[in-house]
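Observations on chain architecture
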Amino acid sequence: MQTSFQIAFIGAGNMARAIIGGLLAQGLPAQQIIACEPDLERLRDLEAQGIQIRSDNASAVRQADLVILAVKPQIMRDVCTPLRAAAAEKHPVFLSVAAGIRIQALADWLGADLALVRSMPNTPALVGKGACGLFANAQVTEQQKQEISQVMQATGLTLWVDKEDELDAVTAVSGSGPAYFFLMMEAMIAAGERLGLSPDTAKALTLQTAAGAAEMALQSEWDPAELRRRVTSPKGTTEQAILCFQQGGFSPLVDQALQACHQRAVELA
Ligand code: NAD
């Protein structure tokens, strides 16, 4: 990976370590990463990988070109406010991975003239298969956006949205999306068991089918609707299951679920 950015992580929990792991795997030199974190055990682990560690968030900001804010949303304000002076001196780009924290709030806490990016990652980032939406304010340059794309691609797919409100839709589709697929897997495993399979067999078949269907959809020239039609022979077994889903209102239910998620994301931000 080619970036000259010094990248500071404020908070080195699950999400930060997923990004750091991806960056190291892609060959970013560990010395370009700075981690700030109150948990000493986490810091020692990172130090052992050659990462620069700091106990003072502001000193990390003074050294960084990109600051990734990876603390829980409820403490973001208390973490950001003391960084205002360091931010005004160094002017790094700040990128928040926190759910529901608006750019305007970051600007109020850190400084109105700063380059700020808000992201909505998802949990498969932890295994390098994340999907992340990004929104930048007007102060972020095209060059900075390219560097940030490279950094966030360390955890999977990254896409920029033009309007901040779109991140609420990103939340409904990919941010919360992994849980929808887990729910589907849960239901299929239980149904497989009721049909006489052992729990291990039902689980193994379900997970491999989910992974295989996703991989096929990613690789295929056809969209998911066409792929579904192609595996649904008239009067065949799959058709019976699909008819059952349709009669039960599957698509309107999914629509309703995503609307509810979107509404909650709007309320929380
Ligand atoms: P986490 O609890 O694993 O990590 C947060 C880290 O911040 C902890 O290691 C904690 O010790 C550290 N911290 C606490 N106070 C601090 C301070 N004052 N200065 C510096 N560090 C401090 O949480 P996480 O799951 O990594 O989530 C971090 C952010 O990522 C959250 O805002 C969350 O909304 C967002 N996010 C996470 C996921 C996910 O899959 N885990 C998905 C989407 C968004």
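It should be emphasised that the depicted structure is a prediction, and the values quoted were computed from it without experimental measurement.

1. Regarding the overall build of the chain
The secondary structure content of the chain amounts to 13 helices and 8 strands. Counting only C-alpha atoms, the chain reaches 70 × 40 × 35 Å along its principal axes. Counted over contacts in the chain with a minimum sequence separation of 6, partners at least 24 positions apart contribute 62%. Of the accessible surface of the chain, which amounts to about 15,000 Å², a share of 57% is contributed by carbon and sulfur atoms. Taking the 21 positively charged and 28 negatively charged side chains of the chain as two groups, their mean positions are separated by 2 Å.

2. A closer look at helix α8 (residues 166–175)
Looking only at α8, the buried set comprises L167, D168, V170, T171, A172 and S174. Its buried side turned inward, α8 meets β6 (116–120), β7 (130–136), α9 (177–194) and α13 (250–268).

3. Comments concerning the packing of α8 against α9
Axis separation between α8 and α9 bottoms out at 5 Å; the angle between their running directions is 30 degrees. In terms of orientation, α8 lies roughly parallel with respect to α9. The segment α8 lies against α9, with T171, A172, V173, S174 and G175 engaging G177, P178 and Y180. Of the residues that constitute the contact of α8 with α9, the class distribution is 4 nonpolar, 4 polar and no charged.

4. Some thoughts on the environment of I242
Mapping I242 onto the fold places it in helix α12 (residues 237–247). Accessibility expressed as a relative area gives 17% for I242, which makes it buried. For the pair I242 and T232, spaced 10 residues apart in sequence, the C-alpha separation works out to 8.2 Å. If near-sequence neighbours (up to four positions away) are discounted, I242 is found in contact with R228 and T232.

5. Some words on the site of the ligand
If you check the shell around the ligand, you find 22 residues, and the closest are M15, E37, R42, V71 and T123. One of the backbone N or O atoms of V71 is found 2.6 Å from an oxygen atom in the ligand. At 3.4 Å from an oxygen atom of the ligand is found a side-chain nitrogen or oxygen belonging to K72. When the ligand is considered free in solution it has 830 Å² of accessible area, and contact with the protein chains removes 79% of it. Residue composition of the shell around the ligand, by class: 14 nonpolar, 5 polar and 3 charged.

6. Here we look at the sheet that holds strand β3 (residues 52–54)
Spatially, 8 strands are ordered β3-β2-β1-β4-β5-β6-β7-β8 in an open sheet, and the strand pairing comes out mixed. For this open sheet the edge positions go to β3 and β8 (156–160), each flanked by a neighbour on one side alone. This sheet shows a mean twist of 25 degrees between the axes of neighbouring strands, independent of strand direction. The sheet contact formed by β7 and β8 spans 5 bridges and is parallel. Within β8, the residue paired with C132 across the bridge is T158. Most of the contacts of helix α7 (residues 142–152) go to β8, to which it runs at about 155 degrees, and overall it touches β1 (7–10), β4 (66–69), β5 (93–96), β6, β7 and β8.

Reading the values: the criteria
Residues numbered from 1 in each chain as written. Predicted model: local features only at pLDDT ≥ 70, side-chain atom pairs only at ≥ 80, totals over all residues. Heavy atoms only, no water. Helix = DSSP H or I, 4+ residues; strand = E, 2+ residues; numbered from the N terminus. Contact = heavy atoms within 4.5 Å. Areas by Shrake-Rupley, 256 points an atom, 1.4 Å probe, with all protein chains shown as cover. Lys, Arg positive; Asp, Glu negative; His and termini not counted. Charge placed at Lys NZ, Arg CZ, Asp CG, Glu CD. Buried < 20%, exposed > 50% of the residue type's maximum accessible area, 1.4 Å probe, protein only. Axes fitted to C-alpha atoms, helices over the stretch in contact; angles between N-to-C directions. Parallel < 35°, antiparallel > 145°, perpendicular 65-115°, else oblique. Nonpolar A, V, L, I, M, F, W, Y, C, P; charged D, E, K, R; others polar. Near = heavy atom within 4 Å. Polar contact = N/O pair within 3.5 Å; in protein donor to acceptor, adjacent residues only side chain to side chain. Pairing = 2+ DSSP bridges.

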